[in-house]
Amino acid sequence: MLKAAMKRVDITPPTGLELAGYPHYPRYNTGAHDPLYAACMYLNNGEEEIVMVTLDLLFFSKKHVIKTRHLIETTCGIPGDHVMISCSHTHSGPWASGRLDIESLEAGKEQPHEYVQSLIEKIVGIVTEAKQDAFDAKFTYGTSLCGAESGVGGNRRLPGGPHDPLVSVMAIQDAAGKVRGMMVNYTLHPTFIHEWSEVCTADYPCYLKLQLEELEPGVIVGFSQGTSGNQSSRYYRQGESYDEAERVGRLLGKAAHKVLEKAQWEDDISIAVASDSHELDLRDFGTEEELRAKVAVDEANYKELYAKYGNSTNRDEYYLWQNANLKLLGSEDQLGYIVMQKNGTKIELLDDEGPAEVQAFRLGGCCVIGVPGEAFVEFGLYLKAMAGFGTVIVNELTNGCLPGYMYTPESLVTGGYETDTSMLSETFGIDLMNKALKIARGLK
């Protein structure tokens, strides 16, 4: 008989902490629009036990994952490698990792250590409670559709390009048939709330959770991010506002609920766990002189476009100068990395995150794959297509971060913010995903 539980805890930081997500626009939170949560789902089939944790945070460093897993293992006996910790990737929550933006590195900004320690203790607390309060349960999983065709989001580098419209769901119910917990995964940057905001918010996942709580009173919902490195609402949203975040979140919540409407519940599932690691492989940006010349060209292009369209209300003209701005930020970061490394400055997102871990859980006919960092959607689609399971859920930003995006070699042709800010080589993403595919297939 399956035992399960779902728990959550408020992880909203105190006022005054810097918000992560738009590093070139420093913001210090003045409060919260909605609470940030840590949520966990615990499953035990009598032979194996696993726990999946989701955090309403941008990043959660691998060194924090290691510490959290150790405390979980010593506190309640769950093996550390049976714990998967993922982020929602909200851009309006506190830092809990190192950073790559050059301004912060040069200023020597540090993580909020007291907040991070409190966060770790809260995660250990809800996992311990979940194991203690586990009940006889049934489990289900599945997917539904809600993507660019619904005006939700899609490819932010190439409008109409590859995207993942699947809303993926895992859920547990008790003996009375009441749905007690849900884990929802979707592939879309939570960036409806932009750099103009100075308050904490989970962004659209907040409204996804509210929608499900209204449809299933008493349910606890956790949200994990799919491979959204090149996925956002940029060309698809009707605005940057809470109203638009609510529109999208509720659409996704209704789509997630459709999985429950057609669910086949199981009271006994097989559970298997596998993981592996891969050393970080870094790229060569060239010389400092070459990068200074590149920055000069990108800066001139940005200034020219901003002078023409900076005050325009036309969205297409807005994208012209904003994309040029992002390209400039990317080239500035490249230059900064070279200078920082030459000066011997510690870059935490590089020094604290290797080797990269890939992890997979088999939960009956469902496979959950966790990969670190931000990955382009093509990688997630590849894993889902090739892993050999009917339902494959890919959680990015899992068990750590990376020094930049996992991009496809093809994307280097056009360049841009994602590729320009990444310290990773063009083959790193392929190599890591093939390792993830190998361990997932091994679980069959």
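As the structure is a prediction and not an experimental result, all values here were calculated from the model.

Participant: How would you explain unusual backbone geometry if you had to name every residue and give the values?
Facilitator: A cis geometry characterises the amide bond from Gly354 onward to Pro355, with omega recorded as -10°. Checked against the element boundaries, Pro355 lands in the loop between helix H8 (348–351) and strand S14 (356–363). A positive phi angle, close to 65°, is found at Asp203, a residue other than glycine. With respect to the element layout, Asp203 can be found in the loop between strand S10 (179–186) and helix H4 (204–215). Despite not being glycine, Leu397 shows a phi value in the positive range, around 50°. Residue position: Leu397 is located in the loop between strand S16 (391–395) and helix H10 (417–421).

Participant: Before we move on, could you go through the sheet that holds strand S3 (residues 37–44) and cite the residues and values that matter?
Facilitator: With respect to topology, 8 strands assemble into an open sheet ordered S5-S4-S3-S1-S7-S9-S10-S11, the strand pairing being mixed. Here the strands that pair on one side only, and so sit at the sheet edges, are strand S5 (83–87) and strand S11 (220–225). Neighbour-to-neighbour, the strand axes of this sheet turn through a mean angle of 25°, independent of strand direction. As paired strands, strand S1 (residues 3–10) and strand S7 (residues 135–145) are joined by 2 bridges and run antiparallel to one another. Residue pairing for S7: Lys3 is matched across the bridge by Asp136. Strands S1, S10 and S11 of the sheet are contacted by H4, whose axis makes an angle of about 145° with S11.

Participant: Account for the environment of Tyr309, naming residues and giving values.
Facilitator: Tracing the backbone shows Tyr309 in helix H6 (residues 288–309). Tyr309 sits 10 residues away from Tyr319 along the chain, and the two C-alpha atoms are 9.3 Å apart. If we ignore the near neighbours within four places in the chain, the residues touching Tyr309 are Glu317, Leu320 and Trp321.

Participant: Would you mind going over the pairing of S16 in detail, with residue names and values included?
Facilitator: Two faces belong to every sheet, and in a regular strand the side chains alternate between them. Of all the 5 residues making up S16, 5 are buried; the element is thus mostly covered by neighbouring parts of the structure. Burial of the side chains of S16 extends over both faces: Thr391, Ile393 and Asn395 are buried on one face and Val392 and Val394 on the other. Here strand S15 (residues 366–370) runs beside S16; their pairing, made up of 5 bridges, is parallel. When the sheet's bridge partners are listed, Cys366 is paired in S16 with Thr391. One crossover worth recording links S15 to the parallel S16 by way of helix H9 (residues 377–386), and it is right-handed.

Participant: Talk me through the sheet that holds S15; I want residue IDs and the actual numbers.
Facilitator: Strand order in the open sheet made by the 4 strands is S13-S14-S15-S16, with mixed pairing throughout. Single-partner strands in this sheet number two, and they are strand S13 (271–278) and S16. Mean inter-strand twist for the sheet, computed between neighbouring axes without regard to direction, equals 15°. Taken together, the 5 bridges between S14 and S15 define a ladder with antiparallel strand orientation. Of the residues in S15, the one forming a bridge with Arg362 is Cys367.

Participant: Pulling in residues and values, what's your account of the nonpolar core?
Facilitator: Counting 110 residues, the largest nonpolar core has Leu43, Met52, Phe60, Met182, Val184 and Leu363 as its most contacted members. With 10 residues, the single largest contributor to this core is helix H7 (residues 315–343). Aside from chain neighbours lying at most four places away, what touches Leu363 is Leu43, Ile50, Met52, Phe139, Tyr141, Met170, Ile269, Ser270, Ile271 and Val368. Core analysis: the second largest hydrophobic core is formed by 32 residues, Ala274, Val394, Met433 and Leu443 among them.

Cut-offs and rules
- Residues numbered from 1 in each chain as written.
- Predicted model: local features only at pLDDT ≥ 70, side-chain atom pairs only at ≥ 80, totals over all residues.
- Heavy atoms only, no water.
- Helix = DSSP H or I, 4+ residues; strand = E, 2+ residues; numbered from the N terminus.
- Pairing = 2+ DSSP bridges.
- Axes fitted to C-alpha atoms, helices over the stretch in contact; angles between N-to-C directions.
- Contact = heavy atoms within 4.5 Å.
- Buried < 20%, exposed > 50% of the residue type's maximum accessible area, 1.4 Å probe, protein only.
- Right-handed = clockwise from strand over helix to strand, strands pointing away.
- Core = buried A, V, L, I, M, F, W, Y, C linked by side-chain atoms within 4.5 Å.

Remember that the coordinates give geometry; whether it matters functionally is a separate question.
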